[in-house]
Amino acid sequence: MSAATDNSAVSASTIVRLALAVSEELQHSDLHPLLKKVYANRGITRLQQVKYKLADLLDYSSLKDIGKAANIVADAIVQQQRVLIVGDFDADGATSCAVMMRSLKALGLQHVDYLVPNRFDFGYGLSPQIVDVAATQRTDGKPDLIITVDNGISSIDGVKHANELGIKVVVTDHHLAGDVLPDAAAIVNPNQPGCPFPAKTIAGVGVAFYLMLAVRAVLREQKWFGGSGPAEPNMANYLDLVALGTVADVVPLDENNRILVESGLQRIRRHKGCAGINALLTIAGKSIENCSSQDFGFIIGPRLNAAGRLDDMSIGIECLLSDDEEQASGYASTLNHMNQQRRQIEGEMLEQAAVLLDKQLAALSGSDEIPDALALYDEQWHQGVVGLLASRIKEKYHRPVFAFADAGDGTLKGSGRSIPGLHIRDVLDDISKQADGLIDKFGGHAMAAGLTIKQENFQRFQALFAERVSAVLRPEDLNNISETDGAIDEEYMTMESSELLKYASPWGQQFPEPVFDDIFEVANWRIVGEKHLKLELVKRDSGVCYPAIAFNKTDEDLPAGDKDIRVVYRMDVNEFRGNRTLQLIVQHIEAVAQDS
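Let me sum up the structure you'll find in this document.

Basis of the calculations
Residues numbered from 1 in each chain as written. Predicted model: local features only at pLDDT ≥ 70, side-chain atom pairs only at ≥ 80, totals over all residues. Heavy atoms only, no water. Salt bridge = Lys/Arg side-chain N within 4 Å of Asp/Glu carboxyl O. Helix = DSSP H or I, 4+ residues; strand = E, 2+ residues; numbered from the N terminus. Buried < 20%, exposed > 50% of the residue type's maximum accessible area, 1.4 Å probe, protein only. Axes fitted to C-alpha atoms, helices over the stretch in contact; angles between N-to-C directions. Parallel < 35°, antiparallel > 145°, perpendicular 65-115°, else oblique. Left-handed = near helix turned anticlockwise from the far one by under 90°. Contact = heavy atoms within 4.5 Å. Nonpolar A, V, L, I, M, F, W, Y, C, P; charged D, E, K, R; others polar. Polar contact = N/O pair within 3.5 Å; in protein donor to acceptor, adjacent residues only side chain to side chain. Phe/Tyr/Trp six-rings, centres within 6.5 Å; stacked < 30°, edge-to-face > 60°. Lys NZ or Arg CZ within 6 Å of the ring centre and 35° of its normal. Pairing = 2+ DSSP bridges. Right-handed = clockwise from strand over helix to strand, strands pointing away. Core = buried A, V, L, I, M, F, W, Y, C linked by side-chain atoms within 4.5 Å. Lys, Arg positive; Asp, Glu negative; His and termini not counted. Expected span 1.5 Å × (residues − 1).

Our focus in this paragraph is the pattern of salt bridges. Counted by the stated rule, this structure contains 22 salt bridges. We note a salt bridge from K68 to D65, for which the minimum N-O separation is 3.8 Å. R580 is the partner of E499 in a salt bridge, and the nearest nitrogen-oxygen pair spans 2.3 Å. With E499 in helix α17 (residues 495–502) and R580 in strand β17 (residues 579–591), this pair connects stretches of sequence that are 81 residues apart. In this structure R580 comes out as partly exposed when scored by relative accessible area, which is 37%. Taken together, the shared-partner salt bridges in this structure form one network comprising E490, D518, K539 and D541.

Below you can see the structure in the form of structure tokens.
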């Protein structure tokens, strides 16, 4: 086991202030001083990088096989073939499916439908069983073409079975490819071997959108639009869905992804988004005009995902496909209720995980040191919520985590989350090669992965996972680093600055929302909502008092006996009964070092 710098039950945390040099172009621009600092800390050196113009979007032509795929789909449209979209049961899969459905219909395809595997009955991806369902679900015969969205790169057997049934398959995906690729008619995936497309972090919905752009170009060359054919569609109409899926899938927001997200946000704010997104914002009490990338990640995404976690993602897809406001509101209400159920289940599972972890630590000779890797299983855990559970445990302990649920057929379904420095899918690949037959199947990314193992193999996997992680991670990787934009001048701690930062860019994975740190005195505190810490913080150097809230923290998180604390926070505007005030959202609290 690696030697961590802190043996407490929660991982050590270190605050690191970013202070990257501001480029000459930014320095001489008319940007707000706070934005110059924040942009520089995220590697921005040119203004063009934050203008987010669709004209700067990467061209689709460098995606391997996209020309072949576009011609296959265009032929299906012209010949009015039967096309079936096979999706995934998360927000990226739902938005990918909605983009494909809406685009294909707008391009003139009459016979198009979708199918999303129920995770409890069929599991993930285009399996042979799902191909059989696809071949028999329509009364007018099996589909001529299956297009996968946000899945398919690992569907070796499913594609083979489709080929045997005479069904052509086009795979669109963004997950990492294995050693063997499916024998599909075409594969569009920036992460397949030999693909030169530079934006490897694009989400599944982005890949689907790019394919539709290419299909439109093929049809335009064939003079399909106008006359007796359909009007040429404006593909920007679907950028609200692309933006939502990109943020909700927590892919890194590189420049290309930020262009997609900002373009989608602008459409929603101008009331040009789909009825489903508007309904989900409304039911959560959020403003359509002020929609932000944070709303995608924390408001809409969880409500969409709740359908796939607890029941059937078709409810979420139908919400995104609806053009009727009343109907969309009904779907949004159902999704909101599911999300409330999901939160209750998740809370119960977190309590159970804490007990399991205590037992695991007690087994380590009474040590209270957190292991380098955690693999936890409880027979009562919900298969659809283990991914969220793994994420919560990872956030608390800053350790790579797998949480497992009973699949009901003698196997366990595991969902994992990683920390910087560990490519979790590569770890699974190493384990599968080290212990042949231990893992039935696996897939994923650097930071998230899933797998299936036989129930009797859990303890062996647990041991090998811990062994492999300890061999890869360095001791310093186990410290939870809080990177901040440093302290800010008093004059910028205003509602105006907060809103400037909120809308300056889409914020998300690897392009984080601005956070700051400083020393405050705790003037007062109280617990609200049973599990949140409401604070009054006085800035030590000025004496100004700021209201603040720390979600999922209590007075036990305050350093004992100290009134002065160091706080990592972001600025927000709190709206209550018509009043708007600046509020600090506290993300981390620690004692003040003696030399501060």
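This is not the end of the story, as more comes after the structure.
Another aspect to go through is the packing of helix α2 (residues 33–41) against α17. Where α2 contacts α17, the axes come no closer than 11 Å and their chain directions differ by 40 degrees. Taken together, the axes of α2 and α17 lie oblique to each other. α2 and α17 meet at a crossing whose hand is right-handed. Together, L34, L35 and V38 of α2 and S497, L500 and L501 of α17 make up the contact between the two elements. In the contact of α2 with α17, the residues fall into five nonpolar, one polar and no charged.

Time to look at the side chain of N189. Locating N189 in the fold gives a position in the loop between β6 (186–188) and α7 (204–221). A relative accessible area of 0% means that N189 is categorised as buried. Reaching out from N189, the side chain makes a polar contact with the backbone oxygen of H175 at a distance of 3.0 Å. Among the polar contacts made by the side chain of N189, one reaches the main-chain amide nitrogen of N191 at a distance of 2.7 Å. If near-sequence neighbours (up to four positions away) are discounted, N189 is found in contact with I153, D173, H174, H175 and C195.

All told, the structure shown has 11 aromatic pairs when counted by the stated rule. Considering the side-chain rings of F402 and F465, the 5.1 Å spacing of their centres and the 75 degrees angle between planes classify their relative orientation as edge-to-face. A residue pair is termed long-range when its members are at least 10 positions apart, and F402 in strand β8 (residues 401–406) and F465 in helix α16 (residues 458–472) qualify at 63 residues. Here the aromatic rings of F516 and Y569 are separated by 6.1 Å at their centres, their planes lie at 45 degrees, and the arrangement is tilted. With F516 in strand β13 (residues 516–528) and Y569 in strand β16 (residues 564–576), this pair connects stretches of sequence that are 53 residues apart. Neither F516 nor Y569 differs from the other in exposure class; each is buried. Sitting above the plane of the F511 ring, R258 keeps its charged end 3.9 Å from the centroid.

For the rest of this paragraph, the subject is the pairing of strand β5 (residues 168–172). Burial runs high along β5: four of the five residues are buried. Sheet analysis places strand β4 (residues 145–148) next to β5, joined by four bridges and oriented parallel. Across the sheet, residue T148 finds its bridge partner in β5, namely V171. Of the crossover connections in this fold, the one passing from β4 over helix α6 (residues 156–164) to the parallel β5 is right-handed. The pairing of β5 with β6 spans three bridges and is parallel. Within the sheet, the bridge partner assigned to V170 lies in β6 and is A186.

Okay, the nonpolar core next. With 126 residues, the main nonpolar core has I85, L104, L211, V215, F296 and M571 as its most contacted residues. For this core, the element with the highest residue contribution is α7, accounting for 12 residues. Contacts of V215, omitting those with residues within four sequence positions, involve A70, V73, A74, I77 and L107.

Before going further, it helps to spend a moment on the environment of V159. Its place among the elements puts V159 in helix α6. Between the alpha carbons of V159 and V131 there is a distance of 8.2 Å; along the sequence they are 28 residues apart. With residues up to four places along the chain from it excluded, the contact list for V159 reads L126, V169, V171, P182, D183 and A184.

Attention now moves to the packing of helix α4 (residues 91–106) against helix α12 (residues 314–321). Where α4 meets α12, the closest approach of the two axes is 9 Å, and the angle between their N-to-C directions is 45 degrees. Taken as axis vectors, α4 and α12 run oblique relative to one another. The hand of the α4/α12 crossing is right-handed. Mapping the contact onto sequence places A94, T95, C97, A98, M101 and R102 in α4 and I317, L320 and L321 in α12.

Here we come to the side chain of D372. By the secondary structure assignment, D372 is in the loop between α13 (325–363) and β7 (374–377). Of the side chains with opposite charge, R399 comes closest to the buried, unpaired D372, at an N-O distance of 4.6 Å. A polar side-chain atom of D372 sits 2.9 Å from a polar atom in the side chain of S470.

Moving on to α4. Helix length check: α4, at 16 residues, gives a terminal C-alpha distance of 22 Å against a target of 22 Å (1.5 Å per residue), a fit within 8%. Buried residues dominate α4, accounting for 14 of its 16 residues. Of the residues trailing α4, G108 is marked for its positive phi of about 110 degrees.

Attention shifts here to the sheet that holds strand β10 (residues 439–444). The five strands are arranged β7-β8-β9-β11-β10 in an open sheet whose pairing can be described as mixed. At either end of the open sheet lies a strand with only one pairing partner, and these are β7 and β10. Averaged over all pairs of adjacent strands, the angle between strand axes in this sheet comes to 20 degrees, irrespective of strand direction. Examined bridge by bridge, strand β9 (residues 411–417) and strand β11 (residues 448–454) share seven bridges and lie antiparallel to one another. Counted as the bridge partner of R417 is A448 from β11.

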